[in-house]
Amino acid sequence: MFEINTWIQKGITILIILIVGWIVSRFVKSLILRLIGKSPDQGAVTFLASAASLLIKIMVIVMILEQLGVNSNVIVGAFSACTLGISLALRSNMADVAGGMQIIFTRPFLVGDFVKVLDHEGTIQRIEIMYTVMETVGHTEVIIPNSKLVENTITNYSKDGKVFIHIPMTLSAGVDTQKVQATFYQVMREDPDVIQNEEMDVRIDSLESGFRLGIYCAVHSDRYPKAEADLKKRLQEARIKAEINLPSQTVIVHGQVN
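Given the structure is predicted, the values throughout are model-derived calculations rather than measurements. (Residues numbered from 1 in each chain as written. Predicted model: local features only at pLDDT ≥ 70, side-chain atom pairs only at ≥ 80, totals over all residues. Heavy atoms only, no water.)

Focus: the pairing of strand β3 (residues 131-136)
Working step 1: Inspection of the sheet shows strand β2 (residues 120-127) paired to β3 by 5 bridges, in the antiparallel sense. What sits directly across from Thr123, in β3, is Glu135.
Working step 2: In this antiparallel pair of consecutive strands, β2 and β3, the connection spans 3 residues.
Working step 3: As judged from the 5 bridges shared by β3 and strand β4 (residues 141-145), these two strands associate in the antiparallel manner. Following the sheet pairing, Thr132 is matched in β4 by Ile144.
Working step 4: Between β3 and β4, which pair antiparallel one after the other, the connecting turn spans 4 residues, and His139 there sits at a positive phi close to 60 degrees. (Pairing = 2+ DSSP bridges. Helix = DSSP H or I, 4+ residues; strand = E, 2+ residues; numbered from the N terminus.)

The following block contains the structure:
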């Protein structure tokens, strides 16, 4: 009877430890996020909060094992062996953790930066222990393993607050180049997203069926890529209004050339 009561007490204690531990881990994570929520490096904050929560959960597991009568030395040894085994079995996951630490210390980007990596472009939302969360222009959440981020080239459009863009446009060979340049320069000078004190240019990139024009300018990174899309729309509207023609196309209808 005494042994049953002892196990009941241990079971209640373990349950309390488990509940309190999980509550504390969530509380500590949210507390860190609130206390350092205004930090300019939000990635470091989310990484630290996740690490603290994980550490508390590990401590909870150790306390539960001690309640079950497992010797602390055995726990340390078993934990070391498990850590080694897990590390070998989950090498990619450990690479993600190491990648997260590398991102935090080298800071190739911060939370809120607009970056391009692999085939994804978007704003960094969170930097967790094993992955980074990005929101694309289409408001799709993309989760990228940290190891992939450190292994691939990252284009950070927010690093200096501006993005240099190139908009190609093929026009008819018979158009007035001076008229074209004047029209497109005017569009860029009136565009609110184009940085006016940065270099802008309208030049011929190559000769094709007509000629291929290049429009070059810089826009604010916090507005890219919407700023680029808006500028393309304004350029097309100005082209149509100024009657600047595109190259004529050959159309085949019922085997005859029109």
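What follows picks up the thread again.
A short note on the packing of helix α6 (residues 177-190) against helix α7 (residues 226-241)
Working step 1: Where α6 contacts α7, the two axes come as close as 10 Å, and the packing angle between them is 140 degrees. Taken together, the axis directions place α6 and α7 in an arrangement best described as oblique. In the crossing of α6 with α7, the sense of the turn from one axis to the other is right-handed. Of α7, the residues touching α6 (which contributes Thr183, Phe184, Val187 and Met188) are Leu231, Arg234, Leu235, Ala238 and Arg239. (Axes fitted to C-alpha atoms, helices over the stretch in contact; angles between N-to-C directions. Parallel < 35°, antiparallel > 145°, perpendicular 65-115°, else oblique. Left-handed = near helix turned anticlockwise from the far one by under 90°. Contact = heavy atoms within 4.5 Å.)

So, a nonpolar patch on the surface
Working step 1: There is a patch of nonpolar side chains on the surface, built from Leu15, Leu18, Ile19, Trp22, Ile23, Ile61, Leu65 and Leu68 and spanning about 700 Å² of accessible area.
Working step 2: Those elements that provide at least two residues to the nonpolar patch are α1 (2-35) and α2 (42-67).
Working step 3: No other element matches the 5 residues that α1 contributes to the nonpolar patch.
Working step 4: You can call Leu18 partly exposed: its relative accessible area is 36%. (Patch = residues over 30% accessible without salt bridge, like charges linked within 9 Å, V, L, I, M, F, W, Y side chains within 5 Å. Areas by Shrake-Rupley, 256 points an atom, 1.4 Å probe, with all protein chains shown as cover. Salt bridge = Lys/Arg side-chain N within 4 Å of Asp/Glu carboxyl O. Buried < 20%, exposed > 50% of the residue type's maximum accessible area, 1.4 Å probe, protein only.)

Points about the environment of Asp222
Working step 1: Within the fold, Asp222 resides in the loop between β8 (210-220) and α7.
Working step 2: The spacing of Asp222 and Tyr157 is 65 residues in sequence and 8.5 Å in space, taken between C-alpha atoms.

What about the nonpolar core?
Working step 1: Judged by nonpolar contacts, the single largest core of 27 residues is most densely connected at Ile165, Leu171, Phe184, Leu213, Ile215, Leu231 and Leu235.
Working step 2: Contributing elements (two or more residues each) for this core: β6 (162-171), α6, β8 and α7.
Working step 3: Not counting residues up to four positions away in its chain, the partners in contact with Ile215 are Ile165, His166, Ile167, Met169, Phe184, Met188, Asp201, Val202 and Leu235. (Core = buried A, V, L, I, M, F, W, Y, C linked by side-chain atoms within 4.5 Å.)

Brief notes about the side chain of Thr132
Working step 1: By secondary structure assignment, the location of Thr132 is in strand β3.
Working step 2: Residue Thr132 is classed as buried on the basis of its relative accessible area of 2%.
Working step 3: At 2.7 Å, the side chain of Thr132 and the side chain of Asn146 are in polar contact.
Working step 4: In contact with Thr132, not counting residues within four places along its chain, are Ile103, Phe109, Ile124, Arg126, Ile127, Val142, Ile143, Ile144, Asn146 and Leu149. (Polar contact = N/O pair within 3.5 Å; in protein donor to acceptor, adjacent residues only side chain to side chain.)

Some details on the sheet that holds strand β1 (residues 114-117)
Working step 1: One open sheet accounts for 5 strands, arranged β4-β3-β2-β1-β5; its pairing is antiparallel. The sheet is open, and its two borders are formed by β4 and β5 (154-156), each paired with just one other strand. The sheet shows a mean angle of 40 degrees between the axes of neighbouring strands, direction not considered.
Working step 2: In the sheet, β1 pairs with β2 via 4 bridges, with the strands oriented antiparallel. What sits directly across from Lys116, in β2, is Glu121.

Things to note about α7
Working step 1: Taking 1.5 Å per residue as the helical rise, α7 with its 16 residues ought to reach 22 Å, and the 23 Å between its terminal C-alpha atoms agrees with that figure.
Working step 2: Three or more residues of α7 are buried, namely Ala227, Glu228, Asp230, Leu231, Leu235, Ala238 and Arg239.
Working step 3: One or two positions beyond α7, positive phi appears at Glu243, with a value near 55 degrees. (Expected span 1.5 Å × (residues − 1).)

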